[in-house]
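Structural overview
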Amino acid sequence: MDASTSRTSSVQYHNIAEQPIAATIVNSTFQRQVRHCFGNATPGEFPLSANPSIVLHVLTGCNLDPQDLATLEATCSFFRQPANFAPDNELSLAELAALDMCRKRAIFKPMTQEQCHDLKQKCGGSWKLVLRFLLAGEACSRREKSHAVAGPGHSIAVSSKGGAYSFGSNSSGQLGNGTTEEEWRPHPIRSLQGIRIIQAAVGAGRTMLISDTGKVYAFGKESFGEAEYGVQGSKVVTTPQLVESLKDIFVVQAAIGNFFTAVLSREGRVYTFSWGNETKLGHQTEQADLEPRPLLGALENIPVVQIAAGYCYLLALACQPSGMSVYSVGCGLGGKLGHGTRTDEKVPRLIEQFQTLNIQPAVVAAGAWHAAVVGKDGRVCTWGWGRYGCLGHGNEDCESAPKVVEALSNVKAVYVATGDYTTFVVSDDGSVYSFGCGESSSLGHNTAAAEAQGNRHSNVLFPEVVTSLKQLNERVVQISLTNSIYWNAHTFALTESGKLYAFGAGDKGQLGVELSANQTERAIPERVDIDLS
């Protein structure tokens, strides 16, 4: 069961007098005319002010949003008053409710009291802000939930119970099954049995898996971060190995880009390693240096909830008291850093355009050459290299700053995924839209009619509904697509019920479905034979 759906309550009930059922009936009959919710006169049949723990139980049981708790506190003095019971007599009911819901989160449970206090101060001194930080991280990277990763040539799927499956290319041992033989059938990584995996990251020839205890396991090319086909990383690791350099960091997410790897700690700090010299990522290091180094500059004291890696650049979704924001660092070719220029950034820099657009970023995606964000209000912004129409603006122009995709103005988006000149958007009703490069049939628009007309690989300049997914009558909750310039792309669609569908290139078995003789891709989504629910 996901931590987010846990119904276990740590609320302690206080001063709730036991009453016979008959007395309760009498009260409800004869005191109905003096019923007061907050008991500012004579408490009626629901004496909430006399028993604030009842209110706290309601607040936590309903899993209210941090914004809702803040609204209650701002509009009613009752919720601002000290609750006068453990764990902190001085906290208001709204703050106690937020703390109680924080304690239900999987990554919060093992934290010491000192670590919890430090996180609270880093988030702005409020448990409501800590709760917002934790919930945002779970939502945008699907931590603690099932997900699939369509990597370059191979794929990883993680079930809601924490089981990890691998399939596809295996020339560097990136499937983690002890061999270097490719395999199209999804198989569990047996050496990780008993270890719950909460997140996966995939690069060319390498895989990283993160456990619920913050440990990182890596396999494939030994050197995580070198050039895709560089001289480093010639040694291969065919079974998951604990990354010793990260053993003192509680990791919750990893992102593998070209020339570098990044990890995100439980406390919201970003670490990178093996990106080379010249302070390209806020710290000086040699190319052979595999020690994780914390990002310096603007993100040193700002908690990050999600990281996304593209070709030589990194995006970070940060959580500040004033709201969510996006920072970028690395190569600015094509304008993919979003600052209105095409220059490189050696330290993280705030993308200011979202403030101009009045958009609160909620999910960030980094493609090879372009990027995208979904706002809290459901708007979608794209920027970077617009080749093949991957920005969705009806042309192939570059955009060096985030620009709203007007063609999706009537759609409330909740998720976005980017690849090598391709983009997918998931709406709140589970519909999926895609645009960009149609190579390898990875956009999902290749119906039988399109194939008969000979345009099965045509590019799409504006967002179009992926009808082949619509016909599944399944609500899609996640899309993953290949994010590499060296491999033909494939795409995964994960449904709410835990079913995984694949389409696109499958020449190395990365789709998880068997192809017929001389077939190299699948144009129509096909069910992968694993249950991720």
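Residues numbered from 1 in each chain as written. Predicted model: local features only at pLDDT ≥ 70, side-chain atom pairs only at ≥ 80, totals over all residues. Heavy atoms only, no water.

1. Regarding the sheet that holds strand E6 (residues 206–211)
Strand pairing within a sheet occurs via backbone hydrogen bonds; the two strands may be parallel or antiparallel. Put simply, the rule reads: Note on pairing: two strands pair once DSSP finds at least 2 bridges between them. The helix count covers DSSP runs of H or I at least four residues long, the strand count covers runs of E at least two residues long, and both are numbered beginning at the N terminus. Lines are fitted to the C-alpha atoms to define the axes, a helix being fitted only along its stretch in contact, and any angle between axes, read from their N-to-C directions, falls within 0 to 180 degrees.
Pairing within the open sheet is antiparallel, and its four strands lie in the order E5-E6-E7-E8. The outermost strands of the open sheet, each flanked by one partner alone, are strand E5 (197–203) and strand E8 (236–242). Taken pair by pair, the neighbouring strands of this sheet meet at an average axis angle of 10 degrees, ignoring direction. Judged from the five bridges that link them, E6 and strand E7 (residues 216–221) form a sheet pairing that is antiparallel. What sits directly across from Met208, in E7, is Ala218.

2. Some remarks on helix H6 (residues 127–141)
Which entries qualify depends on this criterion: The span you would expect from a helix comes to 1.5 Å times its residue count less one. Residue exposure (1.4 Å probe, protein chains only): buried if accessible area is under 20% of the type maximum, exposed if over 50%, otherwise partly exposed. N or O atoms closer than or at 3.5 Å make up a polar contact, with two conditions inside protein: a donor-capable atom paired with an acceptor-capable one, and, for residues adjacent in sequence, both atoms drawn from side chains.
Here H6 contains 15 residues, and its C-alpha end-to-end distance of 22 Å stays within 8% of the 21 Å for a straight helix at 1.5 Å per residue. In terms of burial, H6 is a largely internal element, twelve of the 15 residues being buried. Of all the residues in H6, the buried ones are Trp127, Lys128, Leu129, Val130, Leu131, Phe133, Leu134, Ala136, Gly137, Glu138, Cys140 and Ser141. Where H6 begins, the side chain of Ser126 points an oxygen toward the backbone nitrogen of Lys128, at a separation of 3.1 Å. Trailing H6 by a residue or two, Arg142 shows a phi angle of about 55 degrees, which is positive.

3. Digging into the side chain of Gln306
Stated formally: Should any heavy atoms of two residues lie within 4.5 Å, those residues are considered in contact.
Looking at where Gln306 falls in the secondary structure, it is placed in strand E13 (residues 304–310). A polar contact of 2.8 Å, which involves the side chain of Gln306, links it to the backbone oxygen of Val364. If sequence neighbours within four positions are ignored, Gln306 has contacts with Cys140, Gln253, Leu264, Leu315, Ala316, Leu317, Val363 and Val364.

4. Digging into the pairing of strand E14 (residues 313–320)
Where burial is concerned, most of E14 is hidden: seven out of the eight residues are buried. Sheet topology places E13 next to E14; six bridges connect them, and they run antiparallel. Within E14, the residue paired with Val304 across the bridge is Ala318. Counted along the chain from E13 to the antiparallel partner E14, the turn is two residues long, and its residue Cys312 has a positive phi close to 70 degrees. Two elements, E14 and strand E15 (residues 323–330), share eight bridges in a ladder whose sense is antiparallel. Among the inter-strand pairings, Leu315 is bridged to a residue of E15, identified as Ser328.

5. What about the packing of aromatic side chains?
Cut-off, in case you're wondering: Stacked, tilted and edge-to-face are the three classes assigned to paired rings of Phe, Tyr and Trp, where Trp is represented by its six-membered ring and a pair needs centres within 6.5 Å; plane angles under 30 degrees give stacked, over 60 edge-to-face, the rest tilted. Here, a charge over a ring means that NZ of Lys or CZ of Arg falls within 6 Å of the ring centre while also lying within 35 degrees of the ring normal.
On inspection of all chains with the given rule, the structure shows seven aromatic pairs. With a centroid separation of 4.8 Å and 35 degrees between ring planes, the pair formed by Tyr311 and Trp369 is classed as tilted. One end of the pair, Tyr311, is in the loop between E13 and E14; the other, Trp369, is in the loop between strand E17 (361–366) and strand E18 (370–375), with 58 residues separating them in the sequence. In this pair, the class of Tyr311 matches that of Trp369, namely buried. Aromatic side chains Tyr388 and Tyr421 sit 5.4 Å apart centroid to centroid with 80 degrees between the ring planes, which places their arrangement in the edge-to-face category. In this pair, Tyr388 is assigned in the loop between strand E19 (380–384) and strand E20 (399–404) and Tyr421 in the loop between strand E21 (413–418) and strand E22 (422–427), connecting sequence segments 33 residues apart. One aromatic cluster is present, built from ring pairs that chain together Tyr311, Trp369 and Trp385. Arg266 extends its terminal NZ or CZ atom over the ring of Phe250, reaching a point 4.1 Å from the ring centre.

6. Looking at the UniProt feature "repeat: RCC" (unreviewed entry) in the protein chain
How we decide: UniProt positions are given in the numbering used here, feature names are shortened, and annotations may be inferred rather than shown by experiment.
When the UniProt feature table is mapped onto this chain numbering, "repeat: RCC" (unreviewed entry) sits at residues 162–213, 214–267, 268–320, 324–377, 378–429, 430–497 and 498–533. Helix makes up 0% of residues 498–533 and strand 50%, whereas the separation of the span's terminal C-alpha atoms amounts to 4 Å.

7. Observations regarding the environment of Met208
Mapped onto the fold, Met208 is located in strand E6. C-alpha of Met208 to C-alpha of Val243: the two residues are 35 residues apart in sequence and 9.3 Å apart in space.

8. Remarks on the environment of Trp127
With respect to the element layout, Trp127 can be found in helix H6. Considering only alpha carbons, one finds Trp127 and Asp100, 27 residues apart in sequence, at a separation of 9.2 Å. Non-local contacts of Trp127, meaning those with residues more than four positions away in its chain, are made with Leu91, Glu95, Ala98, Leu99, Cys102, Phe108, Cys116 and Lys120.

9. Some thoughts on the pattern of salt bridges
We apply this condition: By definition here, a salt bridge exists when the distance from a side-chain nitrogen of Lys or Arg to a carboxyl oxygen of Asp or Glu is within 4 Å.
Here the structure, examined in full by the defined rule, presents eleven salt bridges. Notably, a salt bridge pairs Glu138 with Arg105, separated by 2.9 Å at the nearest N-O pair. In this pair, Glu138 is assigned in helix H6 and Arg105 in the loop between helix H4 (93–103) and helix H5 (113–123), connecting sequence segments 33 residues apart. The pair formed by Glu138 and Arg105 is uniform in burial state, with each residue classed as buried. Linking Arg379 and Asp377 is a salt bridge whose minimum nitrogen-to-oxygen distance equals 2.8 Å. For Asp377, a relative accessible area of 42% translates into the label partly exposed.

10. Considering H5
How we decide: In this description, one arc is meant: the one made by directions from the helix axis to the C-beta atoms.
Of the residues making up H5, those classed as buried are Cys116, Leu119, Lys120 and Cys123. For H5, the angular spread of buried residues about the axis comes to 100 degrees, placing them on one side. Where H5 is buried, its residues touch H4 and H6. Phi turns positive one or two residues past the end of H5, at Gly124, with a value near 120 degrees.

11. Considering the confidence of the model for the protein chain
For any part of a model where pLDDT is low, the fine detail of the predicted coordinates should not be relied upon. For clarity, the cut-off: Scored between 0 and 100, pLDDT is the confidence that the predictor attaches to each residue.
Overall, the predicted model of the protein chain reaches an average pLDDT of 84, with 81% of residues at or above 70. Below a pLDDT of 50 lies the segment residues 1–46, which in the model reaches 61 contacts outside its immediate sequence neighbourhood of four places, other chains included. Scored below 50 in pLDDT, residues 225–233 shows 27 contacts in the model against residues more than four places distant or in partner chains.

12. A look at empty space enclosed by the protein
Unfilled space is identified by rolling a water-sized probe across the atoms. Defined as follows: Buriedness of a pocket was judged along seven lines, with at least five required to meet protein on both sides within 12 Å; pockets are open sets of points on a 1 Å grid over the protein atoms alone, cavities are sets where a 1.4 Å probe fits but cannot get out, and lining residues have an atom within 4 Å of a point. Grid points are joined across faces, edges and corners, and a volume is the space filled by probe spheres set on the points. Polar here means any residue other than Ala, Val, Leu, Ile, Met, Phe, Trp, Tyr, Cys and Pro, which are nonpolar, and Asp, Glu, Lys and Arg, which are charged; Gly is therefore polar.
Scanning all chains against the criterion turns up two cavities of 30 Å³ or more. Volume-wise, the largest cavity comes out at about 730 Å³. Taken together, 43 residues form the lining of the largest cavity, with Val149, Ala309, Ala366, Ser480 and Asn483 sitting closest to its centre. Of all the secondary structure elements, the ones that give two or more residues to the lining of the largest cavity are H6, strand E1 (147–150), E5, strand E9 (251–257), E13, E17, E21 and strand E25 (476–481). When its residues are assigned to classes, the lining of the largest cavity shows 25 nonpolar, 15 polar and three charged. For the second largest cavity, the calculated volume is near 40 Å³. Grouping the constituent residues of the lining of the second largest cavity by class yields five nonpolar, three polar and two charged.

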